[in-house]
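Results of the structural survey
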Amino acid sequence: MAKTLYQERFQNVWKTWLLMSGFLIVIILLGFAASWYFDSAAILYAAVAFSLFMNFLSYWHADKIALRVNRAKPLPREGHERVYNTVENLSIAAGLPMPKLYIIDDPAPNAFATGRNAKHAAVAVTSGLLQMMNQNELEGVLAHELSHVGNKDILVQTVVVVLVGFVAILSDIFLRSTFWGIGGNDRDSRAGIIFMIIGIIFSILAPIVATIIQLAVSRKREFLADASGALLTRYPEGLISALQKIDAYSAPMRHPSNATAHMYIANPFGSKGKSFSASISRLFMTHPPVADRIAALRGME
């Protein structure tokens, strides 16, 4: 079982970085189009500098923002010894520092991890999760979240989210400039017109492609956390049972946010899009289908 889990973990890491490489290519092409259109290489340099600046801000403050947006409050140890003892044992097994624990007053069973690194990590669980899960299931969920910390998923997701926003900003600037007839190169020449048309099409499609890649990265990280969590507990059945219970609870959380939906172990908006075409809906899902996650975990048993 351990060998299969390690293989699954390696494959998901490789696929994630492959997707992010494709993401960077999209940004480079869009930045090149914008710099050509304005006839200024400084735009591309400024865009890179802006992206690095946004990454810096996100790296230091993303955890506080995520906890506040989701209305998470510190989880008191008194009355929640089971949670603290479970996290402490899992942290020791994973070789990670004990994260701060938070609770979200919500009947929907869910959880997420945040923090810029293992030393500043936090895990938030809903009140519904604590009420619904038995010990093995709770251990499976918490191992999944600690795996996000150990796999440095928070940093990866922060970079991807910033890049998505960056692509949207560049695309909006390019389209508005084209609409108002602003540009440095000769747009009346045949080559200029063709390039401008290609640039407009790419600027429209780029944010869509970037979002699809972002969601794909999020889905791959969930598979990786499932595999790593099962490796940590050595009992995949606990996480399988937890996922089944979470999936059976179809109602959304009280205050879900699109900005942090990808961070949860399951979609905080509940079961949605089942009537939508399966092949299309999968592209825009923040999480892989629970059936696929369970099948992957059963293959590791």
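The preceding data block contains the structure.
Residues numbered from 1 in each chain as written. Predicted model: local features only at pLDDT ≥ 70, side-chain atom pairs only at ≥ 80, totals over all residues. Heavy atoms only, no water.

For the protein, the count of helices and strands is 10 helices and 4 strands. Considering only residue pairs separated by 6 or more positions, the protein has 74% of its internal contacts joining residues 24 or more positions apart. Carbon and sulfur atoms provide 64% of the accessible area of the protein, an area that totals close to 15,000 Å². (Helix = DSSP H or I, 4+ residues; strand = E, 2+ residues; numbered from the N terminus. Contact = heavy atoms within 4.5 Å. Areas by Shrake-Rupley, 256 points an atom, 1.4 Å probe, with all protein chains shown as cover.)

This brings us to helix 3 (residues 81-94). Helical geometry: 3.6 residues make up each α-helical turn, so side chains three or four residues apart lie on a common side. Taking 1.5 Å of rise per residue, the 14 residues of helix 3 would be expected to cover 20 Å, and the 20 Å separating its terminal C-alpha atoms lies within 8% of that figure. All of the buried residues in helix 3 are Val-83, Tyr-84, Thr-86, Val-87, Leu-90 and Ser-91. When helix 3 is viewed along its axis, its buried side chains cluster within an angular range of 165 degrees and face the same direction. Pointing more than 90 degrees away from the buried face of helix 3 are the exposed residues Asn-89, Ile-92 and Ala-93. One or two positions beyond helix 3, positive phi appears at Gly-95, with a value near 70 degrees. (Expected span 1.5 Å × (residues − 1). Buried < 20%, exposed > 50% of the residue type's maximum accessible area, 1.4 Å probe, protein only. Arc of directions from axis to C-beta.)

Counting buried positions along strand 4 (residues 122-126) gives 5 out of 5 residues, so the element sits mostly inside the fold. By the alternation rule, side chains of strand 4 split into Ala-122, Ala-124 and Thr-126 and Val-123 and Val-125, which are all buried. In this structure, strand 2 (residues 100-104) lies alongside strand 4, joined through 5 bridges in parallel fashion. Bridge pairing links Ile-103 to Val-125 in strand 4. Sheet topology note: the strand 3 (residues 111-114)/strand 4 ladder contains 4 bridges and is antiparallel. Its bridge partner lying in strand 4, Thr-114 is registered against Ala-122. (Pairing = 2+ DSSP bridges.)

Axis separation between helix 3 and helix 5 (residues 135-150) bottoms out at 10 Å; the angle between their running directions is 50 degrees. In terms of their interaxial angle, helix 3 and helix 5 are classed as oblique. Crossing angle aside, the handedness with which helix 3 passes helix 5 is right-handed. Note on element contacts: helix 5 touches helix 3 through Gln-135, Leu-138, Glu-139, Leu-142, Ala-143 and Leu-146, opposite Arg-82, Val-83, Thr-86, Val-87, Leu-90 and Ser-91. When its residues are assigned to classes, the contact of helix 3 with helix 5 shows 7 nonpolar, 3 polar and 2 charged. (Axes fitted to C-alpha atoms, helices over the stretch in contact; angles between N-to-C directions. Parallel < 35°, antiparallel > 145°, perpendicular 65-115°, else oblique. Left-handed = near helix turned anticlockwise from the far one by under 90°. Nonpolar A, V, L, I, M, F, W, Y, C, P; charged D, E, K, R; others polar.)

At Arg-71, a position not held by glycine, the phi torsion is positive, near 60 degrees. Despite not being glycine, Arg-234 shows a phi value in the positive range, around 60 degrees. Positionally, Arg-234 belongs in the loop between helix 7 (190-233) and helix 8 (236-248).

The next point concerns the packing of aromatic side chains. Here the structure, examined in full by the defined rule, presents 1 aromatic pair. Between Phe-112 and Tyr-264 the ring centres are 5.0 Å apart and the planes differ by 65 degrees, which places this aromatic pair in the edge-to-face class. Of this pair, Phe-112 sits in strand 3 while Tyr-264 sits in the loop between helix 8 and helix 9 (278-281), placing them 152 residues apart in sequence. (Phe/Tyr/Trp six-rings, centres within 6.5 Å; stacked < 30°, edge-to-face > 60°.)

Once that is clear, we can look at the pattern of salt bridges. Tallied over the entire structure, the rule returns 5 salt bridges. When the shortest N-O distance is used, the salt bridge between Glu-88 and Arg-77 registers 3.0 Å. Residue Glu-88 is located in helix 3, and its partner Arg-77 is located in the loop between strand 1 (73-74) and helix 3; the two are separated by 11 residues in the primary sequence. The class of Glu-88 is partly exposed, set by a relative accessible area of 27%. (Salt bridge = Lys/Arg side-chain N within 4 Å of Asp/Glu carboxyl O.)

Once that is clear, we can look at the sheet that holds strand 1. Sheet strands line up and pair through hydrogen bonds in the backbone, either parallel or antiparallel. With mixed pairing, the 4 strands of this open sheet are ordered in space as 1-2-4-3. Two strands close off the open sheet at either side, each with one partner strand: strand 1 and strand 3. Strands in contact with helix 5 are strand 3 and strand 4; relative to strand 3, the strand with the most contacts, it is inclined by about 25 degrees.

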